[in-house]
Each structure stands twice: as C-alpha cells, then as structure tokens.
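Here is what each chain is made of, one letter per residue.
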Amino acid sequence: MNIAINKIQTFRDDFTYSNSPEAIARFPFPFTDDEYKYTVNMEPHQPKDGENSVYARFFDIDEHYLSEMKERSLVLAEMPKRCLVMPHMELACWDMIEKIMTSLAAQYPQHFSLTQDGDNWCWENKLLNIKDSFVFGDSSTLPKPPMEYIGRQIQGDFALLDQRDDDLFLDAGIVTCPADWSLMFDAGMSFSEWHGPVPMAPSQNIFERALKYLVAIPVGRPVRRLNWTLTVNARMDTASETYHKWGHERSEVNAENVAEKVHLRVELQVIDRMPRSNALMFSIRTYLISLADISTNPQWAQRMHRVIKTLPPALIEYKGFARYHQHVVDYLAQFDESAAGD
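Values in this document were obtained by computation on a predicted structure and should not be read as measured data.

Within the chain one finds 13 helices and ten strands. Computed over C-alpha atoms, the radius of gyration of the chain comes to 20 Å, within 12% of the 20 Å expected from 2.2 N^0.38 for 342 residues, which places it in the range of a compact globule. The buried share among the 342 residues of the chain stands at 55%. When contacts within the chain are restricted to residue pairs at least 6 apart in sequence, long-range pairs at least 24 apart make up 72% of them. Of the accessible surface of the chain, which amounts to about 15300 Å², a share of 51% is contributed by carbon and sulfur atoms. Taking the average place of the 34 positive charges on the side chains of the chain and the average place of its 48 negative ones, the gap between the two points comes to 1 Å.

Pairing within the open sheet is antiparallel, and its three strands lie in the order 3-4-5. At either end of the open sheet lies a strand with only one pairing partner, and these are strand 3 (112-117) and strand 5 (130-135). Neighbouring strand axes in the sheet, compared pairwise and without regard to direction, differ in orientation by 10° on average. In this fold helix 3 (residues 90-107) packs onto strand 3, strand 4 (120-125) and strand 5, with an angle of close to 120° to the strand it touches most, strand 3.

Moving on, we come to the nonpolar core. Nonpolar side chains in soluble globular proteins tend to end up buried together. In terms of nonpolar packing, the biggest core is built from 97 residues, with W228, L264 and M304 touching the most fellow members. The element that contributes the greatest number of residues to this core is helix 3, accounting for nine residues. Once residues lying within four places of it in the same chain are set aside, the contact partners of L264 are F27, F29, P30, F31, W228, T229, L230, Y287, L288, I289, I294 and M304. In terms of nonpolar packing, the next biggest core, distinct from the first, is built from six residues, Y17, A234, M236 and L288 among them.

Right, let's talk about the sheet that holds strand 10 (residues 280-290) for a bit. Taken together, seven strands build an open sheet; the order of strands is 1-8-9-10-6-7-2 and the sheet is antiparallel. Looking at which strands have only one partner, the edges of the open sheet turn out to be strand 1 (43-44) and strand 2 (83-85). Pairing of strand 8 (residues 223-232) with strand 9 (residues 262-273) involves ten bridges; the strand directions are antiparallel. Following the sheet pairing, L226 is matched in strand 9 by L268. Together, strand 2, strand 6 (157-164), strand 7 (167-174), strand 9 and strand 10 form the strand contacts of helix 3, whose direction differs from that of strand 6 by roughly 130°. The sheet strands contacting helix 7 (residues 206-214) are strand 7, strand 8, strand 9 and strand 10, and the helix crosses strand 7 at an angle near 80°.

Scoring rules and cut-offs
Residues numbered from 1 in each chain as written. Predicted model: local features only at pLDDT ≥ 70, side-chain atom pairs only at ≥ 80, totals over all residues. Heavy atoms only, no water. Helix = DSSP H or I, 4+ residues; strand = E, 2+ residues; numbered from the N terminus. Rg over C-alpha atoms; globule rule 2.2 N^0.38 Å. Buried < 20%, exposed > 50% of the residue type's maximum accessible area, 1.4 Å probe, protein only. Contact = heavy atoms within 4.5 Å. Areas by Shrake-Rupley, 256 points an atom, 1.4 Å probe, with all protein chains shown as cover. Lys, Arg positive; Asp, Glu negative; His and termini not counted. Charge placed at Lys NZ, Arg CZ, Asp CG, Glu CD. Pairing = 2+ DSSP bridges. Axes fitted to C-alpha atoms, helices over the stretch in contact; angles between N-to-C directions. Core = buried A, V, L, I, M, F, W, Y, C linked by side-chain atoms within 4.5 Å.

Right under this line is the structure:
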C-alpha cells in the first residue's frame, strides 16, 4: 500500500483538516443496520476488505499521519500528564514498543525499519526523521520513556490495562484525542468504574459480559470493535479537562453550517494481549468525517439519518449532541426517501 501523506493540517483554531476522496472511501462507517443497537460488537482483528481497508494491517497509517503526530506533540506540550504510566506497567510499555515497531516495520517498510541484534535494537521512522539505537528493556537508552517515545510515533490513543483479580485496571496510557473523557481522571480505575457513566448498558449486563470476554483474550488473538459519536469541528482533542475550549462549539451548529461543522467520529478499538506482562493493549484509532463528506455516499447518509433519528434521548445526551441533534437529522433527511412524509 502506497500512502500519500498529507502536509500538516490542523485539528484546532483554523481547522484545516480535510479528507481526500480516498480517505472518504476507506472510512470505517460504523452503522450496519437502520436502527441503533447497543452491542459489544467484537470481532477478530484480522485483515479484511482489501489492501486499502483500514482493517488491512494491525495498525492503520493514513494520509493524516503527520497532522496527528503534530497534534499529539501540541497536546503533550500543554499537558504532559496526558501520558501516564504507573511503575508496575514498565514491562507492558516494552511489550507495546515491540508490537508497534515490529508491525510497522513489517507492514510499512517504506516508512519504518527495525533491526534487532539480541536486545540491541535500531529503529528508524522516516516520516518523522527519527533513528535511534537502544537496548530493549532499558529505558535509559531511549530519548523519552518507552510509552511516550513510541506513542509520539503512532496514530491513535493507547491504554495499557493491568489484569488482576479477574478485572482490568487502566494503569497506563497516552491519550491526546479522547472523546470527552480524561486519562488523568480514569487512571487506576477498574473496567466497570470507568464505564460507569454509559447509559442503558448496565441494565443489559453489557459490561459484565464484555469484561468476562476481555479477561479471557489469549496472546495472539486480538479483537476489535467500532465506537462512534458526533463532534463539532475537526477537533481531535475533546478531553474532559479541555471542555472550556470546545464545549461552547456545540451551540454554534445551525442549519446553514451543520454539514461542514458536524463530524462523525469513529474509533477503531483494538484489544491485544501482551506476551511478557499479560497486560491488554487497548488502542483507540480515531477517524473524523464531516456530514458533507458522508453525503457523497447517499447510502451512508440515508442509513445514518435513520440511526440518528431513532436514538434514545439518554444516549443522545450522553454522546453530547443533544443541542444539535435535530439539525443533523434535518440535514440527513434529504438523502432518505422514507423521510419525505416526516
């Protein structure tokens, strides 16, 4: 796969982010039915849908790579604690380095390379002009701590979940583009604690069943799922602690600007068991697409209209788009023949 990497675009201030026709075509559209259903929707993380699919490789590198790495550096400069690692998670961080480096070097050899001589490794990232030699397992030989070092070179957020007492605990992470949550607040919480605010799911025992499934994931059997929400502007960083910077944007959506301002935000979430530490690596790869871009695929626009229109009020409120929900429904209705009589 030959990737055309865009020049740096912005996810803040002037919001110059845009998707090429190729990026639109490969967008992981999350709706498979005309009605929203709350499910765990896990599947094996195996290649599917062809060479250009977001599912073709373990980690997806796309045209926005440089833009997202620039955004990550800006966020970490403003709030260094958006990368947190508890002391007992050091080995898990080295697991993460190995997984990311070996995967990128094997699947994107034109951009990344890795040579290994026992514990003496040499890593090259041609996209960011990085070339470092280090001793695997020895943090003093890296220019930054292991999670931050590799986290600054890979798209998406990452959490490392420690497994103990048949539960999972969020004990390490690098999170600079969350959908209205906070690593600093959730760090150290158990699986049920950090998912507690989600409406509807507790009564359906969704998380109890999900936890039982996750703690049983073996090494070499990663799984994935899609999660989605809506966001205003092409803003990657919608962390809880920066709400004062973006919360007011929800009230700026109107009938005239809804197509350009409102974006479908989809997370490709992958859960992978780490071989040395037994931790679970939880990667959250975020994709953004405007309603205007979605409307270039009338089938997507029609299906999204039907899903968004029928969402339960509690879920609309939880996902944060109650203020502009009707504007989204009204815009998408023009692509749905069944909405003509509404």
